Amino acid sequence: MRPRTLLFATALLVLVAAPSPMTGGVPIAAQAQEPPGPPADLSTLKNFLPLEKPANLQASATPDLSGAWMSAPYQSISMADRPGRQRGKEEDIDYKPWARAKTLSEVTPTGPEAEPHRTTDPWTRYCEPNGPVRVYAQPGRTSFVQLADRVLILHEIMQQFRVVRLNGTHPPFEELDPTSYGDSIGWYEDGALVVDTIGLNGRAWLDQMGHPMTERMHLIERYTRTDEKTLAIHRTIDDPGAYNKPIVHTINLRASPVAFMQSPWNCSVRDNTTFTATLLQDAVAPAK
Amino acid sequence: MGKRRVLRPRARLFLSAGLLATAVGALGAAQAPSPIGPPTDISTLKNFLPLGPPAGLKPSAVPDLAGAWVRGGPLQSISNSDVGAELRGKEPDVPYQPWALKRLLSEVPPTGPFAEPHRTTDPWTIYCEPNGPVRVYAHPGRTEFVQLPDRVLMLHEIMQQFRIVRLNSTHPPIEDLDPSWWGDSIGWYENGDTLVIDTIGTNGRAWLSQQGHPSTEKLHLIERYRRVDAKTLDFDVTVDDPGAYTKPFSSRRSLRLSTVPFMQSPWNCSVRDNMTFIDRLLKDAATPPK
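Residues numbered from 1 in each chain as written. Chains lettered and ligands numbered in written order. Predicted model: local features only at pLDDT ≥ 70, side-chain atom pairs only at ≥ 80, totals over all residues.

### Re the overall build of chain A
- Each helix and strand in chain A was counted, giving 6 helices and 9 strands.
- Looking at chain A residue by residue over its 288 residues, the buried ones come to 38%.
- Intrachain contacts of chain A at a sequence separation of at least 6 include 59% that bridge at least 24 residues. (Helix = DSSP H or I, 4+ residues; strand = E, 2+ residues; numbered from the N terminus. Buried ≥ 20, exposed ≤ 12 C-beta atoms within 10 Å, placed from the backbone. Contact = placed C-beta atoms within 7 Å.)

### Focus: the pairing of strand 2 (residues 141–146) of chain A
Residues and elements named next belong to chain A.
- One ladder, built from 2 bridges, connects strand 1 (residues 69–70) with strand 2; its direction is antiparallel. Considered in strand 2, the bridge of W69 is made with T142.
- Counting the residues that bridge the hairpin from strand 2 to strand 3 (residues 150–155) gives 3 residues. (Pairing = 2+ DSSP bridges.)

### So, the interface of chain B and chain A
- Each side of the interface is counted separately: chain B has 26 residues, and chain A has 25 residues.
- Put simply, the parts of the chain that give the side of chain B that touches chain A at least two residues each are helix 1 (9–24), strand 3 (151–156), strand 4 (161–167) and helix 6 (271–286) of chain B.
- When residues in the side of chain B that touches chain A are grouped by element, the largest group, 3 residues, is from strand 4 of chain B.
- Per-class residue counts for the side of chain B that touches chain A are 15 nonpolar, 6 polar and 5 charged. (Nonpolar A, V, L, I, M, F, W, Y, C, P; charged D, E, K, R; others polar.)

### Some thoughts on the environment of D121 of chain A
Residue and element names in this part refer to chain A.
- Position of D121 relative to the elements: it lies in the loop between helix 3 (97–105) and helix 4 (122–126).
- D121 gets classed as buried once you count the C-beta atoms within 10 Å, which come to 21.
- Here D121 is in contact with T108, P109 and W205, once residues within four sequence places are set aside.

### Observations concerning the environment of P74 of chain B
- When you line up the elements, P74 of chain B lands in the loop between strand 1 (69–71) and helix 3 (98–106).
- As a C-alpha pair, P74 of chain B and A244 of chain B span 170 residues in sequence and 25 Å in three-dimensional space.

### With respect to helix 3 of chain A
- For helix 3 of chain A, the set of buried residues is A99, R100, K102 and T103 of chain A. Looking straight down helix 3 of chain A, one finds its buried side chains confined to an arc of 160°; they lie on one side. (Arc of directions from axis to C-beta.)

Shown next, in the form of structure tokens:
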């Protein structure tokens, strides 16, 4: 260890061990705890829902998902609290304690408690991918390319795509290298496209409110074209690492008259940093 | 909307200070020139090459571009005569404008003979900004072509990003385009064996290579993909950027068919992870303990 590091480590130990008159004897480190994280060994947790298509699946017509589908931005993954006013207290989200603490520790970029100039949002700060749940919380279009053996889901947000292997199976969970969008298989059922995803890396938020996920997340999406201009997405978020039971959430995308990819949205950390430093901070601290 | 903007006191102070600094520092300014860059009004520059398919283009069979394609080996430079980037800035086949040469030499590359990864200025390494349609092949990620009747989708494992190439179409007027990292691409098939892609509307932010070759919003890119055999895809790109180079130049490379399935290893860059890597590992490596 370098001398400077040793000195720092010693100072830190002294600071942590010694009581302080300012804190009434409670070490400072104990008062500024990081929120606890998910259980150390996620691999032992079982998902609640089966990881494959139903046995005896009936043949289904292939729905027409063509078009440029525009998200209607939303704040929260909670159906009971879409605007995000009950963050951490939603009646339809059964948090594990660490996941509630983690949610409440995050500083949101939008919504009732937003502080965009100091948000902890990995999308806003670092342009990290939104992942398959939160991508629809952003105002971008999505297009589906339906091929014989797979469906490509193309997002204007970050100009990123997903590949959904039709009538395939997931590799064994332990062989998956966790990624932002995971491994997706799919099938057609009762006129809907069903997409089943595992292998997510747990880094993206589920929504604008900072709801976390873990690598154990199992996502099931049902895309149903309810009419010519509406595509309903019913999501079941099944993450035993973070929640005691699955969360269900439905959104409606609408057919956009604007052509797909007329306005791609590539996030830039450089541009976001400039925006925060030169505009948002002025707005937050108005001149005296 | 429509209200006249009122400068806040802090902004007024800043502006005053700026004007004062400009007036007092005129001599200083001459000694510290403003950053180099392309001509102010690049909209007046003419592109060198026609935008679109040749007149009288004959119908062509559609070549089979199926497969997961990956670079044949490390691609350091855009130059054909200096593949290893040893001559950076002195390549005989890269016709720089003076500002573009200075800009190149001011950049710190992340790889190659002049690499300093711990202090690189590379927007991909530092900020995970998109590579754009030329440099994406400098990385060891796979690319797949999805050939549809009216368009070709190019899917890149790097950043899990896609391009859309509209077949037998035309570009919007360049002044109507909102510049983006990947630009606006049209394409057509030629001679039964080649996909040609014509791109404008890039934003000039991505490097053309690992060495920092710049581009501008005036870039006009022509790519030709030809499958020469079952396992080889030749890729010939013509860089036509009158904002940065005095004439068009070409770069040739080959992609090989990968035995690893497409998307088995997507590569999503993370600024957070890169910063940690640079802070904890590269800096230690660059400055070994005494």
